[in-house]
Amino acid sequence: MTRAEYLSWREHPVTEEMTRALSETREGIKEELASGASLGSMTDTARYVGNIEGLDFFLNHHFEDELE
């Protein structure tokens with residue numbers, strides 16, 4: 001994938017909408033954890049933390065030289 005293809009994908013309306021929805025999901029999970037909401041077992045809590053980390057990876061990903 002070239003830089004231009006990547007940027008075109010990131011700027012596509014569907015990608016932008018999915019990114020917005022995933023950001024809202026991530027923030028909702030973070031708020032639940034921060035407020036001390038019971039998420040069940042330790043395994044469930046670890047799964048939520050893993051979900052946050054996965055969403056962070058996707059939402060914060062940049063093409064190799066995009067930030068240069």
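In the block above lies the structure referred to throughout.
Residues numbered from 1 in each chain as written. Predicted model: local features only at pLDDT ≥ 70, side-chain atom pairs only at ≥ 80, totals over all residues. Heavy atoms only, no water.

A. The arrangement of the side chain of T19 in detail. Summarising the element assignment, T19 is placed in helix α2 (residues 13-34). The exposure class of T19 is buried, given its relative accessible area of 17%. When neighbours within four sequence positions are excluded, T19 is seen to be in contact with F58 and L59. (Helix = DSSP H or I, 4+ residues; strand = E, 2+ residues; numbered from the N terminus. Buried < 20%, exposed > 50% of the residue type's maximum accessible area, 1.4 Å probe, protein only. Contact = heavy atoms within 4.5 Å.)

B. View of the packing of α2 against helix α3 (residues 42-59). For the pair α2 and α3, interaxial distance at closest approach is 10 Å and the crossing angle is 145°. The handedness of the crossing between α2 and α3 is left-handed. Contacts between α2 and α3 involve T19, L22, S23, T25, R26, I29, K30 and L33 on the former and, on the latter, T45, Y48, V49, N51, I52, L55, D56, F58 and L59. In terms of residue class, the contact of α2 with α3 is built from nine nonpolar, five polar and three charged. (Axes fitted to C-alpha atoms, helices over the stretch in contact; angles between N-to-C directions. Left-handed = near helix turned anticlockwise from the far one by under 90°. Nonpolar A, V, L, I, M, F, W, Y, C, P; charged D, E, K, R; others polar.)

C. Quick peek at the packing of aromatic side chains. One pass over the structure, following the stated rule, counts two aromatic pairs. Where Y6 meets W9, the ring centres are 6.0 Å apart and the plane angle is 45°; that geometry is what we call tilted. Linking Y6 with W9, this pair stays in helix α1 (residues 3-11), spanning three residues, or about one helical turn. On the accessibility criterion, W9 (36% relative accessible area) is partly exposed. Aromatic ring contacts, followed pair by pair, group Y6, W9 and F58 into a single cluster. (Phe/Tyr/Trp six-rings, centres within 6.5 Å; stacked < 30°, edge-to-face > 60°.)

Any functional reading would require information beyond the geometric quantities listed.
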